[in-house]
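Letter by letter, the chains look like this.
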Amino acid sequence: MGVWANRQGRGHAFGKVILLGEHAVVYGVPALATGLRQGIQALALPGPAGRSHLSAPSWGLEATPDGRGPLDTAFRVILEELKMLDRGAEVVLDAEIPAGAGLGASAATAVATARALAALAGETLGLERLAEVALASERVFHGNPSGLDHSLAIHGGVRYFLRADAFAPVRVAVGFPLLVGYSGQVGATRDTVSAVAAFYRAHRAETEARFRAVAELVEAGRAAVESGDLFALGACLTENHGILRGLGVSTPALDRMVDLALEAGALGAKLTGGGGGGCAIALAPRDPGRVEAAWARSGFTSFVTEVRA
Ligand code: PMV
């Protein structure tokens, strides 16, 4: 291959939290999600030809394109998509979000890595192409991803999401802090998506009714964000959690986090992302510290992200 055009390339991607609509979104229901200020920075440097390597020190993870784990495979897919498998690149990720927590880490990894590799080669990926590369990588982790994660990873902001090619920015009337807490258990999106699919096959009409209820919550939540009605938004969150729980994707730890948040004065709380572990979010605009403290007393770590107007 030719000489690298640039001696290094950098790429950024946002983490995300789903405010409303996970799982139902796989069945064509809209979802409401927000990019996180926290995300991933990738740095790509030239490496020995054909021997690319990726590392994420904060996760203690490494990957090579000929390895057998999902991150190895995803890395190979990205290199193949970019026609860079024969070249050698050393990619280092600076990740501000935990992996396997439902915060879009795999999609953010794909987006940041693809951007950095393309920049190293002296190219800029168009948004559509970037989305294709990220989706190919996401399929390794999630089988049949809705595309929400990589869309948010690329664009950030609050988005009303229907499909990867149909998602609209949402105007935030009043910015608010959002608490993101980790249940201590790695999320299991692939398993929970399969479990919901099995539930859907077995109880089609009932599941569709639940998805219709989620769709209404997403519309109400969007209106609440656009009008600055945080009480209404909070109520939507808690109700959505109840539906997710009914679908079997919550865990005792996530339910406990929701209960603790509400007891500590949150306007609403729910699991976020695939569930089966991972994270919960809580809306406590007046005193997020009380929820943080309540979670911390029970051993749940958390951080606050700002949803900006
Ligand atoms: O766990 P996460 O952050 O990857 O979110 C998964 C969201 C689902 O709706 C369950 C699946 C999807 O592809 O949208």
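See the structure above.
*Asks:* Help me understand the overall build of the protein chain, please; the structure alone is not making it clear to me.
*Replies:* The secondary structure content of the protein chain amounts to nine helices and 11 strands. The C-alpha atoms of the protein chain give a radius of gyration of 19 Å, which matches the 19 Å a tight globule of 309 residues would have. Along the first, second and third principal axes, the C-alpha atoms of the protein chain reach 60 × 40 × 35 Å. Expressed as a percentage of its 309 residues, the buried residues of the protein chain come to 52%.

*Asks:* Could you clarify how one ought to interpret the site of the ligand in this entry?
*Replies:* As a structural note, the neighbourhood of the ligand is formed by 16 residues, with Lys 16, His 23, Ser 146, Thr 189 and Gly 274 the closest of them. Here an oxygen atom of the ligand and a side-chain polar atom of Asp 149 are 3.1 Å apart. Taking Gly 274, its main chain carries an N or O atom lying 2.8 Å from an oxygen atom of the ligand. Protein chains shield 95% of the accessible area of the ligand, which is 380 Å² for the free molecule. Looking at the shell around the ligand, the elements with two or more residues in it are strand S1 (9–20) and helix H5 (189–202). Residue classes in the shell around the ligand are distributed as five nonpolar, eight polar and three charged.

*Asks:* Hey, could you run me through the packing of aromatic side chains in this one?
*Replies:* The relation between two aromatic rings is expressed through the spacing of the ring centres and the mutual angle of the planes. Under the counting rule described, the total for this entry stands at four aromatic pairs. Ring geometry for Tyr 27 against Tyr 200: centres 4.8 Å apart, planes inclined by 45°, an arrangement best described as tilted. Taken together, the residues span a long stretch of sequence, with Tyr 27 in the loop between S1 and strand S2 (31–46) and Tyr 200 in helix H5 at a distance of 173 residues. An aromatic cluster of three or more residues is present, and its members are Tyr 27, Tyr 200 and Phe 211. Taking NZ or CZ as reference, Arg 222 lies 4.1 Å from the ring centre of Tyr 160, over its face.

*Asks:* Please clarify how the pairing of strand S9 (residues 268–272) should be interpreted in this entry.
*Replies:* Regular strands place side chains that alternate from one sheet face to the opposite one. Across the five residues of S9, five count as buried, placing the element largely inside the fold. As paired strands, S9 and strand S10 (residues 279–283) are joined by five bridges and run antiparallel to one another. Looking across to S10, one finds that Lys 270 is bridged to Ile 281.

*Asks:* So what exactly am I meant to see when it comes to the packing of helix H1 (residues 70–81) against helix H3 (residues 127–142) here?
*Replies:* Each packed pair of helices is defined by two parameters, the angle between the axes and the distance between the axes. For the pair H1 and H3, interaxial distance at closest approach is 8 Å and the crossing angle is 155°. As summarised for this structure, H1 and H3 are arranged roughly antiparallel, according to the angle between their axes. Judged by the sense of rotation from one axis to the other, the crossing of H1 with H3 is right-handed. In contact with Pro 70, Leu 71, Thr 73, Ala 74, Val 77, Ile 78 and Glu 81 of H1, H3 contributes Arg 129, Val 133, Ala 136, Ser 137, Val 140 and Phe 141.

*Asks:* Even after reading the chapter, I still don't get helix H6 (residues 204–227), so can you show me in this structure?
*Replies:* Because each turn of an α-helix spans 3.6 residues, side chains separated by three or four positions end up pointing in the same direction. Spanning 24 residues, H6 covers 35 Å between terminal C-alpha atoms, matching the ideal 34 Å at 1.5 Å per step. Thr 207, Phe 211, Val 214, Leu 217, Val 218, Gly 221, Ala 224 and Val 225 are the residues of H6 that are buried. The positive-phi residue at the C-terminal boundary of H6 is Gly 228, with phi of around 80°.

*Asks:* Got a minute to help me understand the pairing of strand S7 (residues 166–169) in this structure?
*Replies:* Direction of pairing for strand S6 (residues 158–163) relative to S7: antiparallel, over a ladder of four bridges. Pairing of Phe 161 across the sheet is with Phe 167, part of S7. In this structure, the hairpin formed by S6 and S7 is closed by a connection of two residues.

*Asks:* Mind showing me how you'd approach the side chain of Glu 22 here?
*Replies:* Considering the arrangement of structural elements, one finds Glu 22 in the loop between S1 and S2. Using a relative accessible area of 3% as the deciding quantity, one classes Glu 22 as buried. At 2.8 Å, the side chain of Glu 22 forms a polar contact with the side chain of Lys 270. One polar contact links the side chain of Glu 22 to the main-chain amide nitrogen of Gly 273, over a distance of 2.8 Å. Those residues within four positions of Glu 22 in sequence are excluded, and the remaining contacts are Asn 240, Leu 244, Lys 270, Leu 271, Thr 272 and Gly 273.

*Asks:* Explain helix H7 (residues 230–246) to me, please; I cannot follow it from the model alone.
*Replies:* With 17 residues, H7 should cover 24 Å at 1.5 Å per step; its first-to-last C-alpha distance of 25 Å lies within 8% of that length. Those residues of H7 that sit buried are Leu 230, Leu 233, Gly 234, Cys 236, Leu 237, Asn 240, His 241, Ile 243 and Leu 244. In this fold, the buried residues of H7 make contact with S1, strand S8 (176–182), H6, helix H8 (252–263), S9 and S10. Between the side-chain oxygen of the N-cap and the backbone nitrogen of Phe 231 there are 3.3 Å, and the N-cap of H7 in question is Asp 229.

Rules behind the numbers
Residues numbered from 1 in each chain as written. Predicted model: local features only at pLDDT ≥ 70, side-chain atom pairs only at ≥ 80, totals over all residues. Heavy atoms only, no water. Helix = DSSP H or I, 4+ residues; strand = E, 2+ residues; numbered from the N terminus. Rg over C-alpha atoms; globule rule 2.2 N^0.38 Å. Buried < 20%, exposed > 50% of the residue type's maximum accessible area, 1.4 Å probe, protein only. Near = heavy atom within 4 Å. Polar contact = N/O pair within 3.5 Å; in protein donor to acceptor, adjacent residues only side chain to side chain. Areas by Shrake-Rupley, 256 points an atom, 1.4 Å probe, with all protein chains shown as cover. Nonpolar A, V, L, I, M, F, W, Y, C, P; charged D, E, K, R; others polar. Phe/Tyr/Trp six-rings, centres within 6.5 Å; stacked < 30°, edge-to-face > 60°. Lys NZ or Arg CZ within 6 Å of the ring centre and 35° of its normal. Pairing = 2+ DSSP bridges. Axes fitted to C-alpha atoms, helices over the stretch in contact; angles between N-to-C directions. Parallel < 35°, antiparallel > 145°, perpendicular 65-115°, else oblique. Left-handed = near helix turned anticlockwise from the far one by under 90°. Contact = heavy atoms within 4.5 Å. Expected span 1.5 Å × (residues − 1).

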